[in-house]
Amino acid sequence: MVLVLFFRRDATLHIWIIGGVLVVIFAMIVFALGMRYIRHIHHLEEEHWAWEEKKIRSILESIQDGYYELDDRGRFIAVNRALAEMLGTPVQKLIGTSYQEFVDQQDAQKLKYAFRWVAHTGNPVQQLDWDFVSAEGGRRSVEGSMVKFSESTNMSMGVRGMIRDVSERKRSEAMINHMAYHDVLTNLPNRRFFEDELTRALSLAQRKGEMMALLFLDLDRFKYINDSLGHQFGDRLLQELSDRLKESIGSAGTLARMGGDEFTMIFPAISNESDVIAMADRIIHSLQKPLHVECRECMVTTSIGISIFPRDGEDAQTLMKHADAAMYSAKEKGRNRYIVYSFTMSNHASECLAMEQELHKALERGEFHLQYQPQIDCQTGKIVGVEALLRWQHPVWGLVSPAEFIPLAEETGLIVPIGEWALRTACNQAKLWEQAGYDPLRVAVNLSARQFQQENLVQMIQQVLQETNMQPELLELEITESVVMKNPDAVIGVLHELKRLGMKLSIDDFGTGYSSLSYLRDFPIDRLKIDRSFVSAITEKNDAVIAQSIIAMAHNLHLSVLAEGVENELQFAFLREQKCDEMQGYLYSKPLSAEEIKPWLQKIGQGNSERGPCVARKREIIDEISCAAES
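Just so we're clear, the structure is a prediction, and the values are computed from it rather than from any experiment.

Basis of the calculations
- Residues numbered from 1 in each chain as written.
- Predicted model: local features only at pLDDT ≥ 70, side-chain atom pairs only at ≥ 80, totals over all residues.
- Heavy atoms only, no water.
- Helix = DSSP H or I, 4+ residues; strand = E, 2+ residues; numbered from the N terminus.
- Buried < 20%, exposed > 50% of the residue type's maximum accessible area, 1.4 Å probe, protein only.
- Contact = heavy atoms within 4.5 Å.
- Salt bridge = Lys/Arg side-chain N within 4 Å of Asp/Glu carboxyl O.
- Pairing = 2+ DSSP bridges.
- Phe/Tyr/Trp six-rings, centres within 6.5 Å; stacked < 30°, edge-to-face > 60°.
- Axes fitted to C-alpha atoms, helices over the stretch in contact; angles between N-to-C directions.
- Core = buried A, V, L, I, M, F, W, Y, C linked by side-chain atoms within 4.5 Å.
- Expected span 1.5 Å × (residues − 1).
- Polar contact = N/O pair within 3.5 Å; in protein donor to acceptor, adjacent residues only side chain to side chain.
- Parallel < 35°, antiparallel > 145°, perpendicular 65-115°, else oblique.
- Left-handed = near helix turned anticlockwise from the far one by under 90°.

J.: Break down the overall build of the protein chain for me, with residues and values.
T.: When helices and strands are tallied, the protein chain shows 24 helices and 21 strands. Burial statistics for the protein chain: of 631 residues in total, 47% are counted as buried. Sequence-distant contacts in the protein chain: of pairs separated by 6 or more residues, those separated by 24 or more amount to 61%.

Now the structure itself:
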């Protein structure tokens, strides 16, 4: 009874206790089930992400682009097969190696900066170009991305990204760019390239305060070849000729084909006009040897017009116009020559006539004079002769370049009386020096092509010798190689007549023409003069070989050799080592007036230390260079 009453009194409390217990039991069951579910979900997630990672790895292995991961020291920690193939190294060997082992120094620096940028800022690099160098040395142009990542396990930082091989695209772009700026037939730069390059070269010359030259080349009578032998033959000829021009110019300037048979050349950073004249000479003489096309032998010449910045113009259009005018002047004066632009071409036709008229009056007015350039024995340093050089001092125009008036004098025939005047003046001057007490000196005088066509040439020279009382053995007559070879059989007869008079004979500008060795053996000549174009570039292998060969050949034929245009100690040291007999050039002296050369005449017969100013020191320098070369 009491127990019943007790349960009745506390029934509510008991119910709450039992309910609480049941709730706790239920919660424990739910928690256990929840934890089991969470573990199941986590396991599913792990399986899912493992599958996802496997899928991503599979995708990365199947794509053609390279994938990489680098640690904080730039070492590969993951790569796909495509990247391994790009680098020519198995995946296993790549892991742990630095990316710097597969790029050159310049690209390594570029990638290093990108790596630091991504690491420090967290900002990605979306596109970066560089070259991979494979283990075999091959190069691949690539572009890639770079983003930052952290490993959750140890919070270490690295970068990852994708890399695409763009070598083929780069090659295609380069090919398209080349085609846009190069001539299809000759593979030379085209007009578009030339105009851009000329603008750049002018800007550079203006900024540095330098001179530069523009050469305009036009082939002589090329239309006749095209019309007679066909355009296909003409195209092959242009290709052969372009190769010859590139070979003669080398790296000295930029050669371009403007179209048809017109070419241009930019000659930057020249020191004076003689630099570009030497280049024009080299171009003209490079075409003296025949071209062989389709079993035919062809002779092609060119006319060259030259304009010089800033003297002849300060913009591209003006320089082109003046070079073009000079080229047409070269055409009119007989082709196969160069003409340097001058103010006389501004009104070309009328002013050419004016120059011709002034030439007619120049002899009467006494406007011509001679300058004399010393000729030096290479071994002893003694002065052994002088070359007489014609100069024209016009009362209004000033000193007219020989390159301008001598071709016109040749064309008009005025060179005949002018040449006779030069010969007589040189012989008279030699006698005046002798009468003044100086030792007898050999004097060299040039004979032009037109003079050599005179029927009475030998008689005229003999008369001059008699009138001036000049000793024939002290007179040397210089004939250019091209003059000699125009009609060698007739020339040999005249040379023998001159030789019988007792004078010396030399071939000027040797090496620029096309002398036959058999004729050279038969010519009664005493000396070969190596053309200045070979001397000026004597440190270049090919030109050094040519000069060396000329000296050896001449000595084998018992001829002496004189080198023209010697301007520095290296040239002189080479010539002396090769046993060249004599030289002339600015290294020792520029051309001098009859009065200016007297200090030189006082030193005839004296050796090194007694010659003109600074020459002794030059010889010491040359000796030092020679000793250094021998050691």
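Here the narrative resumes, following the displayed structure.
J.: Which residues make up the pattern of salt bridges, and what are the values?
T.: According to the stated counting rule, one finds 33 salt bridges in the structure shown. Across the pair Lys 361 and Glu 358 runs a salt bridge, and its minimum N-O distance is 3.9 Å. Highlighted residues: Lys 361 and Glu 358, both in helix α12 (residues 348-365), separated by three residues, approximately one helical turn. The exposure class of Lys 361 is partly exposed, given its relative accessible area of 37%. One network of salt bridges, with partners in common, ties together Glu 358, Lys 361, Arg 365 and Glu 367.

J.: I'd love a proper account of the pairing of strand β13 (residues 368-377), names of residues and values included.
T.: Side-chain positions along a regular strand alternate between the two faces of the sheet. Of all 10 residues that make up β13, nine are buried, and the element is covered over most of its length. Sheet topology note: the β13/strand β14 (residues 383-394) ladder contains nine bridges and is antiparallel. Note that in β14 the partner of His 369 across the bridge is Arg 391. Joining the antiparallel neighbours β13 and β14 is a turn of five residues, in which Gly 381 adopts a positive phi near 80°. Across two bridges, β13 lies against strand β21 (residues 582-583) in antiparallel orientation. Pairing of Ile 376 across the sheet is with Met 583, part of β21.

J.: So what's going on with the packing of aromatic side chains? Which residues, and what values?
T.: The description of two aromatic rings rests on the distance between their centres and on the angle between their planes. Scanning the entire structure with this criterion turns up 10 aromatic pairs. Connected via pairs of aromatic rings, a cluster forms that spans Phe 368, Trp 392, Trp 397, Phe 405 and Trp 421.

J.: Describe the sheet that holds strand β6 (residues 211-219), listing the residues and the values that go with them.
T.: The strand order β7-β8-β6-β11-β12 describes an open sheet built from five strands, whose pairing is mixed. Looking at the sheet topology across the chains shown, the edges are occupied by β7 (254-259) and β12 (338-340). Between one strand axis and the next, the sheet turns through 20° on average, direction left out of account. Of the pairings in the sheet, the one linking β7 to strand β8 (residues 262-270) comprises five bridges and is antiparallel in character. Each bridged residue has a counterpart across the sheet, and for Ala 256 the counterpart in β8 is Thr 264. The sheet contacts of helix α9 (residues 231-249) involve β6, β7 and β8, and relative to β8 the element is tilted by about 10°.

J.: So, the nonpolar core: which residues are in play, and what are the values?
T.: Counting 85 residues, the largest nonpolar core has Ile 461, Leu 475 and Leu 528 as its most contacted members. Take this core: its biggest share by element is eight residues, from helix α14 (residues 415-435). With near-sequence residues (within four places) excluded, Leu 528 lies in contact with Ile 507, Phe 510, Leu 520, Ile 550, Met 553, Ala 554, Leu 559, Ser 560, Val 561 and Leu 562.

J.: Outline α14, listing residues and values.
T.: Between its first and last C-alpha, α14 extends 30 Å over 21 residues, near the 30 Å set by a 1.5 Å rise per residue. Among all positions of α14, only Ile 415, Ile 418, Gly 419, Ala 422, Leu 423, Ala 426, Cys 427, Gln 429, Ala 430, Lys 431 and Trp 433 are buried. The first or second residue beyond α14 is Gly 437, which carries a positive phi of 105°.

J.: Can you lay out the side chain of Thr 186 for me, pointing to particular residues and giving the numbers?
T.: Assignment of secondary structure puts Thr 186 in the loop between α6 (167-181) and α7 (191-208). Classification of Thr 186 as buried rests on a relative accessible area of 6%. One polar contact links Thr 186 to Asp 183, side chain to side chain, over a distance of 2.7 Å. Those residues in contact with Thr 186, other than ones at most four positions away along the chain, are Leu 238, Ser 242, Lys 246 and Arg 257.

J.: So what about the packing of α14 against helix α16 (residues 457-468)? Which residues, and what values?
T.: As a packed pair, α14 and α16 sit with axes 9 Å apart at the nearest point and diverge in direction by 30°. Compared by their axis directions, α14 and α16 come out roughly parallel. As for the relative orientation of α14 and α16, their crossing is right-handed in sense. Residues Glu 420, Leu 423, Arg 424, Cys 427, Asn 428 and Lys 431 of α14 pack against Met 460, Ile 461, Val 464, Glu 467 and Thr 468 of α16.

J.: If you had to explain helix α13 (residues 402-412) to someone new, which residues and values would you point to?
T.: Among the residues making up α13, those that are buried are Ala 403, Glu 404, Phe 405, Pro 407, Leu 408 and Ala 409. In the stretch just after α13, Gly 413 is the one whose phi turns positive, near 85°.

J.: Quick one: what's the story with the pairing of strand β17 (residues 475-480), residue by residue and with numbers?
T.: Burial analysis of β17 places five of its six residues in the buried class, which makes it a mostly covered element. Where strand β16 (residues 442-447) lies against β17, five bridges are found, and the strand directions are parallel. If you follow Leu 447 over to β17, its bridge partner there is Ile 479. Inspection of the sheet shows β17 paired to strand β18 (residues 504-510) by five bridges, in the parallel sense.

J.: Let's hear about unusual backbone geometry: which residues, and what values?
T.: Geometrically, the link from Phe 309 to Pro 310 is a cis peptide bond, its omega value of 5° lying close to zero. By the secondary structure assignment, Pro 310 is in the loop between β11 (302-309) and α11 (316-332). Phi at Asn 469 is positive, roughly 60°, even though this residue is not glycine. With respect to the element layout, Asn 469 can be found in the loop between α16 and β17. According to the relative accessible area criterion, Asn 469 is exposed, its value standing at 55%.

J.: Could you give me a rundown of the sheet that holds strand β5 (residues 157-165), with the residues and numbers involved?
T.: Reading across the sheet, the five strands line up as β2-β1-β5-β4-β3 and stay open at both edges, with antiparallel pairing between neighbours. With partners counted over all chains shown, the strands left at the sheet margins are β2 (76-79) and β3 (125-133), one partner each. With strand direction ignored, the average angle separating the axes of adjacent strands in the sheet is 30°. Across three bridges, strand β1 (residues 66-71) lies against β2 in antiparallel orientation. The residue of β2 that forms the bridge with Tyr 68 is Val 79. Where helix α5 (residues 105-121) meets the sheet, its contacts fall on β1, β3, β4 (139-150) and β5, and the angle it forms with β3 comes to roughly 150°. Against the sheet, α6 makes contact with β3, β4 and β5, and its axis sits at roughly 130° relative to β4, the strand it touches most.

J.: Tell me about the environment of Glu 168, and please be specific about residues and values.
T.: Inspection of the secondary structure puts Glu 168 in helix α6. As for Glu 168 and Arg 140, which are separated by 28 residues in sequence, their C-alpha atoms are 9.0 Å apart.

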